[in-house]
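Residues per chain, in single letters:
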Amino acid sequence: MAKEKAPKPQRDNRLKQIWQVYRMTARGDKSVTPILLLLLIGPAAVAVAITIVLAQPWFIIALWALVALMTGVLVGLIVLGRKAEFVAYSQIEGQPGAVGAMIRSSLRRGWIGTEEPIAVNRKSMDAIYRVVGRGGLVLLAEGPTSRTRPMADDEKRKLARVLPNVPITVISVGTEEGQVRLHRISWALSRVKRVLTRNEVQVVNARVASLGSNVPIPKGIDPSRMRMSHRR
């Protein structure tokens, strides 16, 4: 009986995932390679130079070089994650359902939403999405502002009748001037003033969830393509 293959160490899997993320990111952003090299080599080189100038013993030089290298690796991973997120979003930005994919994969922690829109223009495929958080209700309007503003205002009136004391904010998502880019949605949500407690968020979410929705998910985006989980 053949021996079963031992499972690969978790570290190997993690390194493989990092390599895959790097390759995907490098294809979409040519600047990522020189930036990562600078972050890896730069701090160590500076640390070595300083300790040599200060005439430190070799083991002190090696220690500071190691600390600087590890710091560069950590910062590099953070930068790689940000770059990968931007590249992934840029690949789907402007397509119907992109906001829904973002909500499903990387909605900021503390906010609750679903990839299913609450309103869709079947002709233009513009859509309105709803998320709930400490900032109250936020409507994410996907499409040109001139077309989505009436849709968002209509949904805002409907929700205000159901939850009259909950603030409702509209964020227009797109590439036009004054709109929020797809990769900046989390930042925009973080700027919404907190007015609800965590318990109130759950109550409000349960209330709006009970309203239901029969609107289909806009065609064009496969949410499974968005697997970044940068919840904060």
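Residues numbered from 1 in each chain as written. Predicted model: local features only at pLDDT ≥ 70, side-chain atom pairs only at ≥ 80, totals over all residues. Heavy atoms only, no water.

Looking only at helices and strands, the protein chain has 7 helices and 5 strands in total. Along the chain direction, N to C, the helices and strands of the protein chain fall in the order α-α-α-α-β-β-β-β-α-β-α-α. Counting over 232 residues, the protein chain shows a buried share of 37%. If you take every contact in the protein chain between residues at least 6 apart in sequence, the share linking residues at least 24 apart comes to 67%. Accessible surface, the protein chain: about 14,500 Å² in total, of which carbon and sulfur atoms supply 58%. (Helix = DSSP H or I, 4+ residues; strand = E, 2+ residues; numbered from the N terminus. Buried < 20%, exposed > 50% of the residue type's maximum accessible area, 1.4 Å probe, protein only. Contact = heavy atoms within 4.5 Å. Areas by Shrake-Rupley, 256 points an atom, 1.4 Å probe, with all protein chains shown as cover.)

A few words now on a nonpolar patch on the surface. Taken together, the side chains of Leu37, Leu40, Ile41, Leu66, Leu69 and Met70 present a nonpolar region at the surface, about 540 Å² in accessible area. At the level of elements, helix 2 (32-53) and helix 3 (58-92) are the ones that each hand at least two residues to the nonpolar patch. As for its position among the elements, leucine 66 is in helix 3. (Patch = residues over 30% accessible without salt bridge, like charges linked within 9 Å, V, L, I, M, F, W, Y side chains within 5 Å. Salt bridge = Lys/Arg side-chain N within 4 Å of Asp/Glu carboxyl O.)

This next bit is on the pairing of strand 4 (residues 136-142). Summarising burial for strand 4: 7 of the 7 residues are buried, a large majority. In the sheet, strand 3 (residues 127-133) pairs with strand 4 via 7 bridges, with the strands oriented antiparallel. In the strand pairing of strand 4, tyrosine 129 is matched with leucine 140. Between strand 3 and strand 4, which pair antiparallel and follow one another directly, the connecting turn spans 2 residues. Relative to strand 5 (residues 168-173), strand 4 runs parallel, the two sharing 6 bridges. Along strand 5, the bridge assignment pairs glutamate 142 with valine 173. Read from strand 4 through helix 5 (residues 145-162) to strand 5, the crossover connection turns out right-handed. (Pairing = 2+ DSSP bridges. Right-handed = clockwise from strand over helix to strand, strands pointing away.)

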